[in-house]
Amino acid sequence: MPTKNKVGEDGELRVFAVAAELFSVLSAPIRLRILGALCDSEQSVSQILEKVDNHAAEFVAAFGDFVQARRDCQAQRRHTGYLQRKK
């Protein structure tokens with residue numbers, strides 16, 4: 001059986017790390033409900049809040065988690081050179 005070289009292992013580990021981060025962002029039911037509401041159509045924050053029928057504080061925290069996850073993803077892409085190769 002062929003063995004992976006160090007570069008292949010590093011790449012695979014990064015993929016698993018990114019997947020773990022993604023799934024952790026989706027682990028809270030409120031976040032999944034927000035995404036479900038957004039899948040219907042583009043909506044304002046107040047429309048989404050009304051649809052998910054939740055307390056504003058929990059809703060704001062969930063949105064903050066999405067924003068932070070997006071920033072982390074962008075930083076990871078910059079760090080790995082993904083954005084430079086994509087252009």
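The structure we're discussing is the one just above.
Residues numbered from 1 in each chain as written. Predicted model: local features only at pLDDT ≥ 70, side-chain atom pairs only at ≥ 80, totals over all residues. Heavy atoms only, no water.

Draft legend 1. Broad picture of the overall build of the protein. Scanning the protein from terminus to terminus reveals 5 helices and 0 strands. Reading the protein from its N end, one meets helices and strands in the order α-α-α-α-α. Within the protein, the proportion of its 87 residues that are buried is 16%. Taking contacts inside the protein between residues at least 6 apart in sequence as the whole, the part at least 24 apart equals 37%. (Helix = DSSP H or I, 4+ residues; strand = E, 2+ residues; numbered from the N terminus. Buried < 20%, exposed > 50% of the residue type's maximum accessible area, 1.4 Å probe, protein only. Contact = heavy atoms within 4.5 Å.)

Draft legend 2. Spotlight on the nonpolar core. Formed by Val25, Ala28, Ile30, Ile34, Ala37, Ile48, Val52, Phe59, Ala62 and Phe66, the largest nonpolar core amounts to 10 residues. Looking at this core, the elements with two or more residues in it are helix H2 (29-40), helix H3 (45-52) and helix H4 (56-80). Once residues within four sequence positions are removed from consideration, valine 25 is found in contact with Arg31, Phe66 and Ala69. (Core = buried A, V, L, I, M, F, W, Y, C linked by side-chain atoms within 4.5 Å.)

Draft legend 3. Up close: the packing of aromatic side chains. Per the counting criterion, the structure on display carries 1 aromatic pair. Ring centres of phenylalanine 59 and phenylalanine 63 lie 4.9 Å apart, and the angle between their planes is 45°; this geometry places the pair in the tilted category. Here phenylalanine 59 pairs with phenylalanine 63, and both are found in helix H4, just 4 residues apart, close to one helical turn. A relative accessible area of 3% means that phenylalanine 59 is categorised as buried. (Phe/Tyr/Trp six-rings, centres within 6.5 Å; stacked < 30°, edge-to-face > 60°.)

Draft legend 4. Expanded view of the pattern of salt bridges. Inspection of every chain in the model, using the stated rule, returns 2 salt bridges. For aspartate 65, the salt bridge goes to arginine 31, with nearest N and O atoms at 2.5 Å. Taken together, the residues span a long stretch of sequence, with aspartate 65 in helix H4 and arginine 31 in helix H2 at a distance of 34 residues. Given a relative accessible area of 14%, arginine 31 falls into the buried group. A salt bridge links lysine 51 to aspartate 40; the nearest nitrogen and oxygen atoms lie 2.9 Å apart. Linking lysine 51 in helix H3 with aspartate 40 in helix H2, this pair joins segments that are 11 residues apart in sequence. (Salt bridge = Lys/Arg side-chain N within 4 Å of Asp/Glu carboxyl O.)

Draft legend 5. Here's a closer look at the layout of surface pockets. Quantified by volume, the largest pocket comes out at close to 400 Å³. Lining the largest pocket we find 14 residues, and of these Val18, Glu21, Ala69, Asp72 and Cys73 sit closest to its centre. Within the residue set of the lining of the largest pocket, elements represented by two or more residues are helix H1 (6-25) and H4. Counting residues per element, the lining of the largest pocket draws most heavily on H4, at 9 residues. Of the residues in the lining of the largest pocket, the class split is 5 nonpolar, 3 polar and 6 charged. (1 Å grid on protein atoms, 1.4 Å probe; cavity = no way out; pocket = protein on both sides within 12 Å on 5 of 7 lines; lining within 4 Å. Points joined across faces, edges and corners; volume = space filled by probe spheres on them. Nonpolar A, V, L, I, M, F, W, Y, C, P; charged D, E, K, R; others polar.)

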